[in-house]
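Each chain, written out:
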Amino acid sequence: MDAKNLVGGTWSGPKARSLPIIDPATGKTIGKAPRSSAKDVAAAVDAAKQAQRAWGAVPAPRRGEILFKAARVMEGRKQELGRLVCSEMGKVKAEALGDVQEAIDMAYYMAAEGRRLFGQTTPSELPNKLCMTLREPVGVCGLITPWNFPVAIPSWKSLPALVAGNSVVIKPSEETGGCATAYVECLVEAGIPDGVVNLVHGTGEEAGAALVAHPDVPVISFTGSNATGRAVSQAAAPMLKHVHLELGGKNGIVVLDDADLEFAVRAILWSAYGTTGQRCTAGSRVIATRGIYDRLVERVAAGAEALKVGHGWTEGVEVGPLVRPAALKKVEHYVQVGLREDKARLVAGGKRARVPAALKGGFFHEPTVFADVTPSMRIAQEEIFGPVTALMRVDDLDEAIEVHNGTPYGLSGAIITRNLAHAMKAMRAFKTGIVYVHNGTIGAEVHLPFGGIKGTGNGHREAGIAGLDLFTEWKTVYVDYSGGLQRAQIDR
Ligand code: NAD
């Protein structure tokens, strides 16, 4: 499907300047997206600015009702949207439908926020005086999204912004323009007024950078790579914008001797190879204690070898393609790095995957396992963003925690053990924004905050009530009904 821009309620398809949309399972071009210029972005921002005032004045519960309808519309189009996710970025069917379900969940959740958007009331230090806080919309929000959750991430950003009374301009990934178009169609069908949601496709360097640089966009919410996040942050800093960055991860799963081995293997395979390892929360490191390590290596390697690689929409396929040729090359590069690195042992995968002839133009790689990795190796430190995981051996929980925390990232961590005290200790000690006990590193739910610390983020969170913070300004109100002049800190 061709992607379309939406500016001020008017849809427009790709013109002379366009970007190809490629099916990563076949390498074939399946559509085009408009390649928007800075001028196109400015038109979208203008439309958003015009529309925001009236939208901000709509009572929040009414705004929420439109999001509720959007959830319903997405439910009706779930299969179609899921198919689109699979065809534009390769995710397998169950996960592609899960991507859409996440947007549906977020729409229901944020719809209900329309009846909350809670502030606080609190006593004053003076008599006959009331203190409270209110959330106010900020204005036009620029939302820049990656391809790996091509329906879910635009929803995580746009729905809290909208329920809070902002208008938005979405600049989705070059790879997944059709998914963003279909998602925005659902909002339009639900009754979002013209100009409140605008969609502008294009390259990051051109359309993305123009959105970040636009003086009428006070909020930028960005999810993507660390290098781009830094550039976005630097470009926005002189204008003192609210900038929210969700960046990469190098997530670790700690497995202790007392763990249920078969369960641990299932959790590792799901975390490492779900979405072909192309998740910010992918379990790309496994840190196991000595008593279980060798059995775990053997079972994870066997499990990875047994995973079925192929077209994501084919029943039974568990691992789809990488998103683009450059991503495949990056994985191949890191396999070579791993092989060259001292002592690392390739125990599964390591090559392009063999697939049926119809998929020979696709970007497939075998699920790959390195064992005997040491914590400072590049494959244990750098985000590969592909189907590769690194197993490391440690002596005890303390060492496991140290290794777990020893990367520049801090998104998601997991511990698998039957010992409650060990689980609780890890829960507090992990330097990550998210911790899973008795699970892998993936599985976020939309009503809880999502985000990371250290190199993964800059202190903001998506989803949950915390997801509203970026898109609202706190207004503090003091109401003095004493009839006199009361001076805080002085009249005691
Ligand atoms: P990317 O940084 O290449 O692109 C992300 C978006 O930024 C795209 O829309 C792109 O067009 C745009 N962009 C590129 N250059 C820009 C610029 N100069 N100014 C403004 N916008 C620009 O990332 P990607 O390859 O699409 O996504 C993969 C990365 O995203 C991985 O590192 C992954 O970990 C991360 N990610 C993080 C989370 C999270 O929540 N922490 C979630 C998903 C993905």
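Look a little higher up for the structure.
Quick caveat: nothing in here was measured; it's all calculated off a predicted structure.

Rules used throughout
- Residues numbered from 1 in each chain as written.
- Predicted model: local features only at pLDDT ≥ 70, side-chain atom pairs only at ≥ 80, totals over all residues.
- Heavy atoms only, no water.
- Helix = DSSP H or I, 4+ residues; strand = E, 2+ residues; numbered from the N terminus.
- Rg over C-alpha atoms; globule rule 2.2 N^0.38 Å.
- Buried < 20%, exposed > 50% of the residue type's maximum accessible area, 1.4 Å probe, protein only.
- Contact = heavy atoms within 4.5 Å.
- Expected span 1.5 Å × (residues − 1).
- Pairing = 2+ DSSP bridges.
- Right-handed = clockwise from strand over helix to strand, strands pointing away.
- Core = buried A, V, L, I, M, F, W, Y, C linked by side-chain atoms within 4.5 Å.
- Patch = residues over 30% accessible without salt bridge, like charges linked within 9 Å, V, L, I, M, F, W, Y side chains within 5 Å.
- Areas by Shrake-Rupley, 256 points an atom, 1.4 Å probe, with all protein chains shown as cover.
- Salt bridge = Lys/Arg side-chain N within 4 Å of Asp/Glu carboxyl O.
- Axes fitted to C-alpha atoms, helices over the stretch in contact; angles between N-to-C directions.
- Parallel < 35°, antiparallel > 145°, perpendicular 65-115°, else oblique.
- Nonpolar A, V, L, I, M, F, W, Y, C, P; charged D, E, K, R; others polar.
- Phe/Tyr/Trp six-rings, centres within 6.5 Å; stacked < 30°, edge-to-face > 60°.
- Lys NZ or Arg CZ within 6 Å of the ring centre and 35° of its normal.
- Near = heavy atom within 4 Å.
- Polar contact = N/O pair within 3.5 Å; in protein donor to acceptor, adjacent residues only side chain to side chain.

Engineer: So what exactly am I meant to see when it comes to the overall build of the chain here?
Structural biologist: Within the chain, the regular secondary structure consists of 14 helices and 21 strands. Computed over its C-alpha atoms, the radius of gyration of the chain comes to 24 Å, within 12% of the 23 Å expected for a compact globule of 492 residues. With respect to the principal axes defined by its C-alpha atoms, the chain has extents near 75 × 65 × 40 Å. Counting only residues that meet the buried cut, the chain has 57% of its 492 residues in that class. Of the contacts made within the chain by residues no fewer than 6 positions apart, 74% connect residues no fewer than 24 positions apart.

Engineer: Whenever I open this one, helix α10 (residues 290-306) confuses me. Can you help?
Structural biologist: At 3.6 residues per turn, the α-helix brings residues three or four places apart onto the same side. With 17 residues, α10 extends 25 Å between its outermost C-alpha atoms, agreeing within 8% with the 24 Å of an ideal straight helix rising 1.5 Å per residue. Every buried residue of α10 is listed here: Ile 292, Tyr 293, Leu 296, Val 297, Val 300, Ala 301, Gly 303 and Ala 304. Of the surrounding elements, those touching the buried residues of α10 are β12 (251-255), α9 (261-273), β13 (283-289), β14 (345-348), β15 (368-371) and β16 (388-394).

Engineer: When you look at the pairing of β12 in this model, what are you seeing that I'm missing?
Structural biologist: Walk down a regular strand and you will see the side chains alternate between the two sheet faces. Judged by how many residues are buried, β12 sits mostly within the fold: five of five residues are covered. By the alternation rule, side chains of β12 split into Asn 251, Ile 253 and Val 255 and Gly 252 and Val 254, which are all buried. Direction of pairing for β12 relative to β13: parallel, over a ladder of five bridges. Within β13, the position partnered with Val 255 by the bridge is Ala 288. As a crossover connection, the stretch from β12 through α9 into β13 is right-handed. Where β12 and strand β18 (residues 412-416) come together, four bridges link them in parallel fashion. Directly across from Gly 252, in β18, lies its bridge partner Gly 413.

Engineer: Would you take a moment to explain the nonpolar core for this structure?
Structural biologist: When a protein is soluble and globular, its nonpolar side chains tend to lie buried together. Within the largest apolar cluster, 129 residues are counted, with the highest numbers of intra-cluster contacts made by Leu 159, Leu 162, Val 197, Val 255, Leu 296, Val 373 and Ile 379. The dominant element in this core, judged by the number of residues it contributes, is helix α4 (residues 93-113), at 10 residues. Contacts of Leu 159, omitting those with residues within four sequence positions, involve Leu 67, Ala 103, Met 106, Ala 107, Met 110, Tyr 183 and Leu 187.

Engineer: Help me understand a nonpolar patch on the surface in this model?
Structural biologist: Among the surface-exposed residues, Leu 420, Met 424, Met 427 and Val 437 lie close enough to one another that they form a single nonpolar patch of about 370 Å² accessible area. No other element matches the three residues that helix α14 (residues 420-429) contributes to the nonpolar patch. Overall, the relative accessible area of 62% leaves Leu 420 in the exposed class.

Engineer: Teacher, can you tell me more about the pairing of strand β10 (residues 219-223) here?
Structural biologist: Counted residue by residue, β10 has five buried out of five residues, so it is predominantly covered. Residues Val 219, Ser 221 and Thr 223 line one face of β10 and the alternating positions Ile 220 and Phe 222 line the opposite face, and both faces are buried. Direction of pairing for β10 relative to strand β11 (residues 242-246): parallel, over a ladder of five bridges. Within β11, the residue paired with Thr 223 across the bridge is Glu 246.

Engineer: Help me understand the packing of helix α2 (residues 60-76) against helix α5 (residues 152-163) in this model?
Structural biologist: Each pair of packed helices can be described by the angle between their axes along with the distance between the axes. In the contact formed by α2 and α5, the axes pass within 9 Å of each other and the chain directions differ by 150°. The angle between α2 and α5 places the two elements in the roughly antiparallel class. Only Leu 159, Leu 162 and Val 163 of α5 make contact with α2, whose side of the interface consists of Ala 60, Arg 63, Gly 64 and Leu 67. Residue classes in the contact of α2 with α5 are distributed as five nonpolar, one polar and one charged.

Engineer: Looking at this structure, I do not really get the packing of aromatic side chains. What am I missing?
Structural biologist: Think of a pair of aromatic rings as described by two things: how far the centres are apart, and how the planes are tilted against each other in angle. Going through the model one piece at a time under the given rule, you end up with three aromatic pairs. Geometrically, the ring pair formed by Phe 68 and Tyr 108 is edge-to-face, given 4.9 Å between the ring centres and 70° between the ring planes. Pair noted here: Phe 68 is in helix α2 and Tyr 108 is in helix α4, with a separation of 40 residues, a long-range link. A relative accessible area of 36% means that Phe 68 is categorised as partly exposed. Residue class for Tyr 108 comes out partly exposed when judged on its relative accessible area of 23%. Look at Trp 156 and Phe 450: their rings are 5.0 Å apart centre to centre, the planes differ by 50°, and that puts the pair in the tilted class. Here the residue Trp 156 occupies a position in helix α5, and Phe 450 occupies one in the loop between β19 (434-437) and β20 (453-454), the gap between them amounting to 294 residues. Seen from the ring of Phe 149, Lys 91 lies directly overhead, with NZ or CZ sitting 3.5 Å from the centre. A cation over a ring is seen here: Arg 279 above Trp 270, with NZ or CZ 5.4 Å from the ring centre.

Engineer: Sorry if this is basic, but what is going on with the site of the ligand here?
Structural biologist: As a structural note, the neighbourhood of the ligand is formed by 28 residues, with Lys 171, Ser 225, Thr 228, Leu 247 and Glu 383 the closest of them. At 3.3 Å from a nitrogen atom of the ligand is found a side-chain nitrogen or oxygen belonging to Glu 246. Relative to its unbound accessible area of 850 Å², the ligand is 90% covered by the protein chains. Elements that contribute at least two residues to the shell around the ligand include exactly α7 (204-213), β10 and α8 (226-236). At three residues, the largest contribution of residues to the shell around the ligand is made by α7.

Engineer: What is the right way to read the sheet that holds β15 from this model?
Structural biologist: Whenever strands of a sheet pair, they do so through backbone hydrogen bonds, lying parallel or antiparallel. As summarised here, the arrangement of the seven strands in space is β14-β15-β16-β13-β12-β18-β19, forming an open sheet in which the pairing is mixed. Two strands in the sheet have a free side with no partner beyond their single neighbour: β14 and β19. Across the sheet, the mean angle from the axis of one strand to that of its neighbour is 20°, orientation sign disregarded. For β15 and β16, the ladder comprises three bridges, and the chain directions are parallel. Directly across from Phe 370, in β16, lies its bridge partner Ala 390.

Engineer: Looking at this model, I keep getting lost on the environment of Arg 17. Mind explaining?
Structural biologist: Its place among the elements puts Arg 17 in the loop between β2 (10-12) and β3 (18-22). For the pair Arg 17 and Ser 225, spaced 208 residues apart in sequence, the C-alpha separation works out to 26 Å. A distance of 2.7 Å separates polar atoms of two side chains, one belonging to Arg 17 and the other to Glu 206.

By themselves, these are just geometric observations and shouldn't be taken as functional.
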